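Working through the structure, step by step
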Amino acid sequence: MTLTDTVTSASPKTDESRPVDVIEWVNEISALTSPESVLWCDGSKAEADELIAVMVASGTLIHLNPNLRPQSYLARSAPSDVARVESRTFICSLDPEDAGPTNNWYDPIEMKDTLRGLAKDSMRGRTLYVVPFAMGPLGSPLSKLGVQVTDSPYVALSLQMMVRVSSEVFSMISAGASWVKCCHTVGAPLNAGDVDVAWPCNETKYISHFPESLEIWSYGSAYGGNALLPKKAFALRIASVIARKEGWLAEHMLLVKVTSPEGKTYTMAAAFPSACGKTNFAMMRPSLPGWKVETLGDDIAWLRPGRDGKLRAINPEAGFFGVAPGTSQATNPSAMEMLWGNTIFTNTALTAEGDIWWEGMTKEAPEGLTTWQGEPHDKTSGHPAAHPNSRFAVGLSQCPTLAEEWDDPEGLVVDAIIFGGRRSTTIPLVTEALNWNHGVFLGATIASERTAAAEGTLGEVRRDPFAMLPFLGYNMGDYLAHWLEMGNTLRVTGRPPRIFQVNWFRRDANGDFIWPGFGENSRVIEWIVERLEGRVPARRTAIGWTPESINLEGLDLGRSALESLLEIDAQAVADDLDDAETFLEALGSRLPKEISRQLDQTRERLRP
Ligand code: GTP
Ligand code: SPV
Ligand code: MN
């Protein structure tokens, strides 16, 4: 690289490995946005060091105490740029019906005009970084390629931690591989004499997806999924469109390998909405003796029938962008270990010793904290010191529970798919779907209380099918049909995975969580494995198979608590079905008949 070969305009023809169509695209963006320089990135350590040096000098990164947290940095975002902005996220398909009623649709030609207007000279005074990346193992039949241009060094560095950045991607593009164009600008041009701010961004934001031309344009934000375009924008919204065409699934799912005390292994993929426990599940330390959970991914999984006809999955990412608050030695010791160093923290609190802190890390907040906004922390104020959506970015390789198969180009055969959400009431601890189609119905009717991961009212229950509501690049009705169709394919070629639904978040009359969660969730994993092995009978209820019992050995939880965790309140379920029906009916003629049939059958089964 390249961080030193600064040029005043894109003149990368000096490097023969750069594909002509990438060069042309970069030249086009550069002519539009007028950056001061263009840098071609290769993902090297030297490049990361340079990016860090630039950002420490500019005040974007605070160097943490190297004795406490080696090679780690804290970034503080602008107060208006702290989470995904779903209201500013657009699917720009030619036909609005292809985006469907659950997405914000915008005409692609008008959107391009708007964006070109906003992007004009938007990189003035800044460096344009060109970041080539692969989603999934390089050369895997399940992988895809992309190039992100960005004027944010914070984004360029975060991409190094989150995905496989490599100039080998250019050779593959030159050899004819297709790639996704990801264009990102913070929308904060610098004029001569301007002093830059630590977190440049713009009050106007657009996260726009063009599924027909495989393009993403992001304007105005540098935060998370708004700006790290390989993640939600590519690996979910654009990939879901590609996946439908090619006969696979791009899902908001963690991926783990589970080993039972008998030494038998199982692969599980689980879809929970944002900030509902995927990272914690992915790094679970089972409390049950003899069980092992190993990590493959914590946020996104691509699932595709392999040559053997079985459904196989990879994690297209190469790092974690995890929720900080709530992460502690007690809840997620593997994450605490993983974050020893080499980590970028965003919007956490800073301790007097120069280390990071967040709510839930320790019971008491230490004295002398500086808040995520850089103010002295007033413990009596009731305001958290870390932002509720503060996060850590770190490479997968630092995860102490990383499974050895994490980079396997063939992916792992999926044995169980799990859906979940954050529900104080109604949804039991665990249920097994009656069959694939019923499982698709369970996925379609997932609802969850809103979290700080996106803008919106905290705690409000919203329907979030497959935890994909904010992440689907096409019509939700077509998506449900695609899931049903995948079942048909898998029934012919192999055996489809079994489907389960879980809820760690049921509360008692005092508003406290009934289930201890985290490592204790291994008790639910044990039940799932017992079901896969056909070793335990279950109760057939209106909403699926529920446990007759869960292994509570060594756990201080009474039978009555377990009963309330497993309780199915017919009235509450019926009300929930009404709400689900209202949501599903809004999909109109694209709602598969089979989903309506599953709803009717559930109502039938609810009748006393
Ligand atoms: P995204 O990165 O936004 O997709 O979130 P995620 O689904 O990976 O959620 P994560 O595992 O980061 O958990 C979010 C919050 O839920 C954290 O504060 C966790 O401590 C908390 N949490 C996770 N698992 C459990 C659980 O089993 N029980 C309870 N009570 N809380 C949990
Ligand atoms: C989520 O919101 O589901 C995340 C965080 O994983 S972000 O990368 O910002 O989308
Ligand atoms: Mn997520």
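These figures come from a predicted structure and were not determined experimentally.

The rules behind the values
All residue numbers here refer to positions counted from 1 along the written sequence of the relevant chain. All chains are assigned letters beginning at A, and all ligands numbers beginning at 1, according to the order in which they are written. In keeping with the predicted nature of the model, local features appear solely for residues at pLDDT of at least 70, side-chain atom pairs appear and are counted solely at 80 or more, and the whole-chain, interface and lining totals rest on all residues. Hydrogens and water molecules were not included; the side-chain quantities draw on all heavy atoms of the structure. Comment: elements are numbered from the N terminus, with helices defined as DSSP H or I runs of at least four residues and strands as E runs of at least two. Metal donors: N, O and S atoms at distances within 2.8 Å, or within 3.2 Å for Na, K and Ca, with water omitted from the atom set so that some sites may seem incomplete. In these descriptions, tetrahedral denotes four donors with every angle between 85 and 135 degrees, square planar four donors and octahedral six donors with opposite donors over 155 degrees apart and the rest between 65 and 115, and irregular any other case. Here, proximity means that at least one heavy atom of the residue falls within 4 Å of the molecule or strand. Contacts described as polar in this section are N or O atom pairs within 3.5 Å, which, within protein, must combine one atom able to donate a hydrogen with one able to accept it, while residues neighboring in sequence count only if both atoms come from side chains. In this description, accessible areas are obtained by the Shrake-Rupley approach with a 1.4 Å probe, and a residue is regarded as covered only by the protein chains that are shown. A 1.4 Å probe that fits but cannot get out identifies a cavity on a 1 Å grid over protein atoms alone, an open set with protein on both sides within 12 Å along at least five of seven lines counts as a pocket, and a residue lines either if it has an atom within 4 Å of a point. Think of it this way: a molecule belongs to a cavity or pocket when more than half its atoms come within 2 Å of the grid points there. Under this grouping Gly is polar, as are all residues other than the nonpolar Ala, Val, Leu, Ile, Met, Phe, Trp, Tyr, Cys and Pro and the charged Asp, Glu, Lys and Arg.

**Re unusual backbone geometry**
Positioned with a positive phi, glutamine 71 is a non-glycine residue whose angle comes to about 45 degrees. Structurally, the position occupied by glutamine 71 is in the loop between strand 2 (61-63) and strand 3 (73-75).

**Notes on the coordination of the manganese ion (ligand 3)**
Protein-derived ligands of the manganese ion (ligand 3) are Lys232 (NZ), His252 (NE2) and Asp299 (OD), with the metal-ligand distances lying across 2.0 to 2.5 Å. Metal-centred angles of 71 to 167 degrees between the 6 donor atoms at the manganese ion (ligand 3) mark the site as irregular. When the donors of the manganese ion (ligand 3) are listed by position in the chain, the intervening gaps give K-x19-H-x46-D. Taken as a pair, lysine 232 in helix 8 (residues 230-246) and histidine 252 in the loop between strand 12 (249-251) and strand 13 (253-259) lie far apart in primary sequence, 20 residues in all.

**A closer look at the site of ligand 2**
Near ligand 2 the following residues occur: Arg84, Gly224, Gly225, Lys231, Lys232, His252, Ser274, Asp299, Phe321, Arg391, Ala453 and Phe471. One of the side-chain nitrogen or oxygen atoms of arginine 84 is found 2.8 Å away from an oxygen atom of ligand 2. Lysine 232 is positioned with one of its side-chain polar atoms (N or O) 2.7 Å from an oxygen atom of ligand 2. Burial of ligand 2 by the protein chains amounts to 98% of its free accessible area of 280 Å². The cavity that encloses ligand 2 is the largest pocket. Within the residue set of the shell around ligand 2, elements represented by two or more residues are helix 7 (224-227) and helix 8. Of the residues belonging to the shell around ligand 2, the class tally is 3 nonpolar, 4 polar and 5 charged.

**Some thoughts on the site of ligand 1**
Around ligand 1, the structure places 22 residues, and the nearest of them are Ala275, Lys278, Thr279, Asn280 and Arg391. Side-chain polar atom of lysine 278 to an oxygen atom of ligand 1: 2.7 Å apart, as the coordinates give it. Burial of ligand 1 by the surrounding chains reaches 91%, relative to a free accessible area of 650 Å². Taking a 2 Å distance to the grid points as the criterion, the majority of the atoms of ligand 1 fall inside the largest pocket. Broken down by secondary-structure element, the contributors of at least two residues to the shell around ligand 1 are helix 9 (278-282) and strand 18 (319-323). Per-element tally for the shell around ligand 1: the top contributor is helix 9, with 3 residues. Tallied by class, residues from the shell around ligand 1 come to 10 nonpolar, 8 polar and 4 charged.

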